[in-house]
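Working through the structure, step by step
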Amino acid sequence: MIFQVFFALCRCFQELKTCRRGKSSTSREPDFGGTENFASSPATLTDCETLLKKNEETCKRYNFASGWSKVRVLGEGGYGKVFLLRKKKNKIARKVVLSQPTDCGFSSEEIIHIQMSHPNVLKLYCWEQKANVLCMNLEYCSRGDVASHLLNLDEKDAKSYFKQLLDGVAYIHLRGIVHRDLKPENLLLTKEKVLKISDFGLADFFIINGKEIRLTETVGTESYMPPEVLQPGRKRYLGPPVDLWACGVIFFKLMTKRKPWSRADLNDEEYRMWVENRKGLYKKDGWKELNKAFRTLLNLLLEPNPTQRIYGWRRACRH
Ligand code: ATP
Ligand code: MG
């Protein structure tokens, strides 16, 4: 299995390099109701007006505005609610949030999400904005999120989910986007156990006009955030290493059902041991259950230095 994951990581890295050269990916559209295909993503990330028009057409074509009945609430929080909706045999999830209308060029959740088209990324069919309420019509994942399956997860599924996560992350990065909130709650599962990355609420572009930019905001979920984002004061951090770090934390959690630390700063005992006394840490619960290959993988993904996080990975891919 470690080889499979390694290949997935290498593919991720190769695609990152492709991304910097500005090539686009090939992608498949997920089916809706098993038969119909929805709008495909535009070739460029900047053609916002075309994208808005296409979104409007899709919503009209599939008549998302009427005929759908609410079945139940799938998730709820400070952001708003996610509902399960049904129309005849078709089911969708509708995320309803308070949000101002989107201007072209503005990197909002729906503008970023609608451009994604990959088997391991949740499909946003289209969105509708009424006054300050935004409704996102999403592919429905009947098994819910990975977090709710963690305790009963066997190793085979854990490995499969992790591999699918890497495939989805490679694709997102290839589109010049960093997710910044990867965690089991944002990884959804279909009936067939296909993993779908969801919730682009904190995502942003890390490539603009073909150039890699650095990001500055302190955003994410604390226990999945890397040290360069958690550090106090002003910062300018690279995009992809943030998601790689979160993948490392998720891998640890999938394999051990625990989190490696609460916060990646030196005041946290476990994290300090990770930086200063790794051998000592390996004797602790959770860590001692991981074999050498899994630890090697974690050494690459949870590398405290973000530039080494990428280069360590590249070195590993060469061998
Ligand atoms: P918050 O801002 O509070 O973090 P959120 O932005 O995280 O909220 P989502 O992650 O999109 O909102 O959705 C919240 C939860 O709703 C998910 O963790 C999941 O359990 C459920 N959910 C969301 N979308 C779907 C879907 N398409 N199919 C099934 N369940 C879903
Ligand atoms: Mg979420």
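In what follows, the structure referred to is the one given above.
Notes on the structure in this doc start here.

**A short note on the overall build of the protein chain**
If you tally the helices and strands in the protein chain, you get 10 helices and 13 strands. Per-residue burial over the protein chain gives 50% buried out of 319 residues. Contacts spanning at least 24 positions in sequence make up 64% of the contacts within the protein chain whose residues lie at least 6 apart. A total accessible area of about 15600 Å² is found for the protein chain, and carbon and sulfur atoms account for 49% of it.

**Considerations on the site of ligand 1**
For ligand 1, the set of nearby residues contains 15 residues, the closest of which are Y79, K95, E139, D145 and D199. Within the contact set of ligand 1, an oxygen atom lies 2.8 Å away from a backbone nitrogen or oxygen of E185. Between ligand 1 and the protein, one listed contact pairs an oxygen atom with a side-chain N or O atom of N186 at 3.0 Å. Calculation on ligand 1 without its partners gives an accessible area of 620 Å², and the protein chains cover 80% of this total. Mapped by element, the contributors of at least two residues to the shell around ligand 1 are β3 (69-77) and β5 (90-98).

**Topic: the state of the cysteines**
Applying the stated criterion across every chain yields a total of one disulfide. Note on cysteine connectivity: C59 is disulfide-linked to C126, with sulfurs 2.1 Å apart. A torsion of 95 degrees about the S-S bond marks the disulfide between C59 and C126 as right-handed. Here C126 lies in strand β6 (residues 124-130) and C59 lies in helix α2 (residues 48-61), a separation of 67 residues in the sequence. C59 sits in the buried class, given a relative accessible area of 9%. The cysteine C135 is free of any disulfide, with C59 supplying the nearest cysteine sulfur at 9.3 Å. By relative accessible area, which is 12% here, C135 ends up buried.

**Here we look at the coordination of the magnesium ion (ligand 2)**
Taken together, the protein donors to the magnesium ion (ligand 2) comprise N186 (OD1) and D199 (OD), at separations of 2.1 to 2.2 Å. On the criterion of sequence distance, the pair formed by N186 in the loop between β8 (177-178) and β9 (187-189) and D199 in the loop between β10 (195-197) and β11 (204-205) is long-range, its members being 13 residues apart. N186 sits in the buried class, given a relative accessible area of 6%. Since its relative accessible area comes to 23%, D199 is described here as partly exposed.

**Points about the packing of aromatic side chains**
With the rule as written, the count across this model stands at 12 aromatic pairs. Ring geometry for W245 and W261: centres 5.9 Å apart, planes at 40 degrees, overall tilted. Note that W245 is positioned in helix α6 (residues 240-256) and W261 in the loop between α6 and α7 (269-276), a separation of 16 residues in sequence. What makes W245 buried here is its relative accessible area of 0%. Judged by relative accessible area, W261 falls into the buried class, the value being 2%. Ring geometry for F252 and W287: centres 4.4 Å apart, planes at 45 degrees, overall tilted. Placement of the pair is F252 in helix α6 and W287 in the loop between α8 (278-281) and α9 (292-301), with a sequence separation of 35 residues. Seen from the ring of F83, K70 lies directly overhead, with NZ or CZ sitting 4.3 Å from the centre. One Lys or Arg, R295, reaches over the ring of Y282 and ends 4.2 Å from the middle of that ring.

Quick notes on the rules
Every chain's residues receive numbers from 1 upward, in the order its sequence appears when written. Each chain gets a letter, beginning with A, and each ligand a number, beginning with 1, in the order they are written. With the structure being a predicted model, the display of local features is reserved for residues of pLDDT at least 70 and the display and counting of side-chain atom pairs for 80 or more, all residues being used for whole-chain, interface and lining totals. Just so you know, side-chain values use all the structure's heavy atoms and leave hydrogens and water out. Only DSSP runs of H or I reaching four residues or more are called helices, and only runs of E reaching two or more are called strands; each is numbered from the N terminus. Any residue under 20% of the maximum accessible area for its type is buried, any over 50% is exposed, and the rest in between are partly exposed; the area is computed with a 1.4 Å probe on protein chains only. Throughout, a contact is declared for two residues whenever any of their heavy atoms are within 4.5 Å. Surface exposure here means Shrake-Rupley accessible area, sampled with a 1.4 Å probe, where a residue is shielded only by the protein chains that are shown. Whether a residue is near a molecule or strand depends on its heavy atoms: if one lies within 4 Å, it is near. Polar contact is defined as a pair of N or O atoms within 3.5 Å, subject to the rule that within protein one atom must be able to donate a hydrogen and the other to accept it, and that residues adjacent in sequence are counted only when both atoms are side-chain atoms. Only a pair of cysteine sulfur atoms within 2.5 Å counts as a disulfide in this structure description. Each metal's donors comprise the N, O and S atoms found within 2.8 Å of it (within 3.2 Å for Na, K or Ca). Water is not part of the atom list, so some coordination spheres may appear incomplete. Two rings belonging to Phe, Tyr or Trp (six-membered ring only in the last case) form a pair when the distance between their centres is within 6.5 Å. Interplanar angles under 30 degrees mark stacking, angles over 60 mark edge-to-face geometry, and anything in between is tilted. Counting as a charge over the ring demands two things of the Lys NZ or Arg CZ atom: a distance within 6 Å of the ring centre and an angle within 35 degrees of the ring normal.

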